[in-house]
Amino acid sequence: MFNNNDRESTAPVDVGETYEVTIEDLAREGDGIARVEGFVIFVPDTQVGDTVNIKITRVLRKFGFAEKEE
């Protein structure tokens, strides 16, 4: 019944959407952490304090991934 590709409809973001966010923290792997309506988004190649435009690339149940838009 559980499918890894499923996501809860409560995620406030969808793949392909763009946002301007500020990186609040760094993950252990070094990715920046931003939040959209409290929902955690991991953004590679960013530093704490960066304000960047991002595009959502993947949404999971409790967090998502995005890439910086140049």
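As a starting point, this report considers the structure included with it. (Residues numbered from 1 in each chain as written. Predicted model: local features only at pLDDT ≥ 70, side-chain atom pairs only at ≥ 80, totals over all residues. Heavy atoms only, no water.)

**Quick notes on the overall build of the chain**
- A count of helical and extended segments in the chain gives 0 helices and 6 strands.
- Listing each helix as α and each strand as β along the chain from the N terminus yields β-β-β-β-β-β.
- Evaluated residue by residue, the chain yields a buried proportion of 31% over its 70 residues.
- Taking the contacts inside the chain whose residues are at least 6 apart along the sequence as the reference set, 42% of them involve residues at least 24 apart. (Helix = DSSP H or I, 4+ residues; strand = E, 2+ residues; numbered from the N terminus. Buried < 20%, exposed > 50% of the residue type's maximum accessible area, 1.4 Å probe, protein only. Contact = heavy atoms within 4.5 Å.)

**Quick look at the sheet that holds strand 4 (residues 39-43)**
- Pairing within the open sheet is mixed, and its 6 strands lie in the order 1-5-6-4-3-2. Looking along the sheet, the strands with just one partner apiece sit at the ends: strand 1 (18-22) and strand 2 (25-26).
- Pairing geometry for strand 4 and strand 6 (residues 63-68), over 3 bridges, is parallel. Looking at the pairing, phenylalanine 42 lines up with phenylalanine 65 of strand 6. (Pairing = 2+ DSSP bridges.)

**Quick notes on the nonpolar core**
- Formed by 14 residues in total, the largest nonpolar core has its most connected members in Val13, Ile41, Ile54 and Ile56.
- Considering every element that reaches this core, the biggest residue donor is strand 5 (residues 51-59), with 4 residues. (Core = buried A, V, L, I, M, F, W, Y, C linked by side-chain atoms within 4.5 Å.)

**Section: unusual backbone geometry**
- Despite not being glycine, glutamate 37 has its phi angle at roughly 50°, a positive value.
- Tracing the backbone through its elements, the reader meets glutamate 37 in the loop between strand 3 (32-36) and strand 4.
- When its relative accessible area of 72% is taken as the criterion, glutamate 37 is described as exposed.

**Points about a negative patch on the surface**
- Where like charges cluster on the molecular surface, the negative patch consists of Asp45, Glu67, Glu69 and Glu70.
- Mapped onto the secondary structure, glutamate 69 falls in the segment after strand 6.
- Here glutamate 69 falls in the partly exposed class, since its relative accessible area comes to 35%. (Patch = residues over 30% accessible without salt bridge, like charges linked within 9 Å, V, L, I, M, F, W, Y side chains within 5 Å. Areas by Shrake-Rupley, 256 points an atom, 1.4 Å probe, with all protein chains shown as cover. Salt bridge = Lys/Arg side-chain N within 4 Å of Asp/Glu carboxyl O. Lys, Arg positive; Asp, Glu negative; His and termini not counted. Charge placed at Lys NZ, Arg CZ, Asp CG, Glu CD.)

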